[in-house]
Structure formats: structure tokens, C-alpha cells
Amino acid sequence: VQLQAFGGGLVQAGGSLRLSCAASGRTFSRYVMGWFRQAPDKEREFVAAIKWSGGSTRYADSVKGRFTISRDNAKNTVYLQMNSLKPEDTALYYCAADGSIIMSSMAVENQYDYWGQGTEVTVSS
């Protein structure tokens, strides 16, 4: 499984960015795709996740109502639309995937076997 994340950048507070994670190397219909982030000097934390089949989603409380995770089956790509960005959203964002995660574990980092490289998001105040 290969995951390639892109779409990060510099944006002012209140602005928007859309991250993409292109997945390849497997049929992903049974997979859960997740986004995590790591801010400088902080632990990596869960942001959002989606079940490829059915589209069930889960979000961290800190991003609910501002971020939306979605997937495009035809393109094997997962998106993270980030609106109303805040300086505290500044981090390196990673996409992750796994084929055997249950709903209750979608936010658990060590449940994911496959990780892409990070894409950096900087939100200026």
C-alpha cells in the first residue's frame, strides 16, 4: 500500500485548505482511511477517519464542524477539507490506512499499518 499526501501550505487564520491522500497498491473497499497531525513538540493526534465502504466518519472534537473527510472511489483518493483554520491547526498532516480497523478504533494511531509522508499546514494569525 502506498499513500501520498499533498495539498498543505500556508494560509491565514479563517482560511481553507484541502488535503488529498492518493492511495494505491490495494483494493481499498474494506479499508479505513485516517488523517493524523503532529504539531511541533507535540504528540501525533487523530484528526478524522472514514470507512471506504459506506463512508462512516469520525472526527476529533477539535475539528468537528470545521473539517470534512471524504473519499473519491474512482480516484482512490481521500480528502480532508479544512475550513475556518486556526493557528493551532498548524502541523504536519499524515494520512494512514488499514484494512482491519473496527469503528471504535478509528481514532487509535497504532491501529493503522500504512502511513504516507506528511504534508505541512501552517496557519498564520
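To be clear, the structure that these remarks concern was listed above.
Analysis parameters
Residues numbered from 1 in each chain as written. Predicted model: local features only at pLDDT ≥ 70, side-chain atom pairs only at ≥ 80, totals over all residues. Heavy atoms only, no water. Helix = DSSP H or I, 4+ residues; strand = E, 2+ residues; numbered from the N terminus. Rg over C-alpha atoms; globule rule 2.2 N^0.38 Å. Buried < 20%, exposed > 50% of the residue type's maximum accessible area, 1.4 Å probe, protein only. Contact = heavy atoms within 4.5 Å. Areas by Shrake-Rupley, 256 points an atom, 1.4 Å probe, with all protein chains shown as cover. Lys, Arg positive; Asp, Glu negative; His and termini not counted. Charge placed at Lys NZ, Arg CZ, Asp CG, Glu CD. Pairing = 2+ DSSP bridges. Disulfide = S-S within 2.5 Å. Phe/Tyr/Trp six-rings, centres within 6.5 Å; stacked < 30°, edge-to-face > 60°. Lys NZ or Arg CZ within 6 Å of the ring centre and 35° of its normal.

### Thoughts on the overall build of the protein chain
Then, number 1: If you tally the helices and strands in the protein chain, you get zero helices and eleven strands.
Then, number 2: Reading the protein chain from its N end, one meets helices and strands in the order β-β-β-β-β-β-β-β-β-β-β.
Then, number 3: Its C-alpha atoms give the protein chain a radius of gyration of 13 Å, within 12% of the compact-globule value 14 Å for 125 residues.
Then, number 4: The buried share of the protein chain, reckoned over its 125 residues, is 42%.
Then, number 5: By sequence separation, contacts in the protein chain at least 24 residues apart represent 57% of the contacts at least 6 residues apart.
Then, number 6: Accessible surface, the protein chain: about 6400 Å² in total, of which carbon and sulfur atoms supply 43%.
Then, number 7: Charged side chains of the protein chain number 13 positive and 11 negative; the gap between the two group centres comes to 9 Å.

### Focus: the pairing of strand β3 (residues 17-24)
Then, number 1: Relative to β3, strand β1 (residues 2-6) runs antiparallel, the two sharing five bridges. Of the residues in β3, the one forming a bridge with Leu 3 is Ala 23.

### Remarks on the environment of Arg 18
Then, number 1: Topologically, Arg 18 is positioned in strand β3.
Then, number 2: Taking the relative accessible area as the measure of exposure, Arg 18 reaches 46% and is therefore partly exposed.
Then, number 3: A sequence separation of 51 residues divides Arg 18 from Ile 69, and the C-alpha atoms of the two residues are 9.6 Å apart.
Then, number 4: Sequence-distant contacts of Arg 18, that is, excluding residues within four places in its chain, are made with Phe 6, Gly 7, Tyr 79, Leu 80 and Gln 81.

### Some thoughts on the state of the cysteines
Then, number 1: What the rule picks out here adds up to one disulfide.
Then, number 2: Here Cys 21 connects covalently by a disulfide to Cys 95, the sulfurs 2.2 Å from one another. Judged by the torsion about the S-S bond (65°), the Cys 21/Cys 95 disulfide is right-handed. Of this pair, Cys 21 sits in strand β3 while Cys 95 sits in strand β9 (residues 91-98); the two residues are 74 residues apart in sequence, bridging distant segments of the chain. Across this residue pair, the class does not change: Cys 21 and Cys 95 are buried.

### Side note on the pairing of strand β7 (residues 67-72)
Then, number 1: Across six bridges, β7 lies against strand β8 (residues 77-82) in antiparallel orientation. Counted as the bridge partner of Thr 68 is Gln 81 from β8.
Then, number 2: The hairpin turn running from β7 into β8, its antiparallel successor, is four residues long, and Asn 76 in that turn takes a positive phi close to 50°.

### What to know about the packing of aromatic side chains
Then, number 1: Under the counting rule described, the total for this entry stands at seven aromatic pairs.
Then, number 2: If you follow Arg 44 out to its NZ or CZ, it ends over the ring of Tyr 94, 4.8 Å from the centre.
Then, number 3: The ring of Trp 115 carries the charged tip of Arg 44 above its face, separated from the ring centre by 3.9 Å.

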